[in-house]
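# Inside the fold
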Amino acid sequence: MADKIIENNQVSIMGKIATGFTFSHQVFGEGFFVMDLIVKRLSDSEDRIPVMVSERLVDVTQDYVGEYIEISGQFRSYNRHEEKHNRLVLSVFAREVRFIGPDEDVIPTNQIFMDGYICKPPVYRKTPLGREIADVLLAVNRPYGKSDYIPCICWGRNARYASAFTVGGHVLIWGRIQSREYVKKLGENQTERRTAYEVSVSKLEYLE
């Protein structure tokens, strides 16, 4: 990506469109819409990733469900106020889109690179089977003073490495975006199935 402004947050994903377009918001007369993209993993499971796209990039009145699309952009976050809490909402913000023709080979792609800063102490733990995990929250700066807050999950040796990171530390992260279903307890007898999105880290580097 040639645009210097966005070098610190680069996403490239390719998968199958799973839903129609739902209106999200409007900025200076330009409408933005959200749809879900299904990206297959090597393990045969799949990630269902929300993508925000401008009506200037895609004809949002058309039905593209089942078609394959390649998207370049950024992983972005915003806070949505729900009852007494703020909820972090994540989606891929599309800057370029390309539909995959029927004659092209479909090779699912899911890659992200981020250059950001640790904004809360990493949480290191072990699973019952002894697998090491560390949760890291990365702040990635946007132009004009805004930041995106991206949850990341590290495994094994990367988890041990990340457990020593300090708040404000400058980190480079490479990985993929993953979706994970969980059950949220809302009250005594009330639960809700939700989906969390995070970056599964394959490589990271701490810059002194």
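Report follows, based on the coordinates. (Residues numbered from 1 in each chain as written. Predicted model: local features only at pLDDT ≥ 70, side-chain atom pairs only at ≥ 80, totals over all residues. Heavy atoms only, no water.)

### Considering the environment of Q178
- Secondary-structure assignment places Q178 in strand β11 (residues 170-185).
- For Q178, a relative accessible area of 7% gives the class buried.
- Along the primary structure Q178 and I49 are separated by 129 residues, whereas in three dimensions their C-alpha atoms are 7.4 Å apart.
- In this structure the side chain of Q178 is engaged in a polar contact, spanning 3.3 Å, whose partner is the side chain of R176.
- A polar contact is formed between the side chain of Q178 and the side chain of E198, at a distance of 2.7 Å. (Helix = DSSP H or I, 4+ residues; strand = E, 2+ residues; numbered from the N terminus. Buried < 20%, exposed > 50% of the residue type's maximum accessible area, 1.4 Å probe, protein only. Polar contact = N/O pair within 3.5 Å; in protein donor to acceptor, adjacent residues only side chain to side chain.)

### Section: the layout of surface pockets
- Size it by volume and the largest pocket reaches roughly 1200 Å³.
- Along the walls of the largest pocket sit 39 residues, with R87, L88, Y182, R194 and T195 positioned nearest its centre.
- For the lining of the largest pocket, the leading source of residues is strand β6 (residues 85-99), giving seven residues.
- Across the lining of the largest pocket, the residue classes tally to 18 nonpolar, seven polar and 14 charged. (1 Å grid on protein atoms, 1.4 Å probe; cavity = no way out; pocket = protein on both sides within 12 Å on 5 of 7 lines; lining within 4 Å. Points joined across faces, edges and corners; volume = space filled by probe spheres on them. Nonpolar A, V, L, I, M, F, W, Y, C, P; charged D, E, K, R; others polar.)

### Looking at the pattern of salt bridges
- According to the stated counting rule, one finds 13 salt bridges in the structure shown.
- Here K40 makes a salt bridge to E46, at a shortest N to O gap of 3.5 Å.
- Residues R125 and D135 are paired through a salt bridge, measuring 2.4 Å at the closest nitrogen-oxygen approach. On the criterion of sequence distance, the pair formed by R125 in strand β8 (residues 123-126) and D135 in strand β9 (residues 132-141) is long-range, its members being ten residues apart.
- Judged by relative accessible area, D135 falls into the partly exposed class, the value being 26%.
- By sharing partners, the salt bridges in this structure join R41, D47 and R176 into a single network. (Salt bridge = Lys/Arg side-chain N within 4 Å of Asp/Glu carboxyl O.)

### Focus: the packing of aromatic side chains
- In this structure the tally under the stated criterion is seven aromatic pairs.
- Taking 5.4 Å as the distance between ring centres and 75 degrees as the angle between the ring planes, the aromatic pair formed by F23 and F33 counts as edge-to-face. Here the residue F23 occupies a position in strand β2 (residues 22-27), and F33 occupies one in strand β3 (residues 30-40), the gap between them amounting to ten residues.
- Taking relative accessible area as the criterion, F23 reaches 47% and is therefore assigned partly exposed.
- Members of the aromatic cluster, joined through ring pairs, are F21, Y64 and F99.
- When the ring centre of F93 is taken as reference, the NZ or CZ atom of R76 above it lies at 4.0 Å. (Phe/Tyr/Trp six-rings, centres within 6.5 Å; stacked < 30°, edge-to-face > 60°. Lys NZ or Arg CZ within 6 Å of the ring centre and 35° of its normal.)

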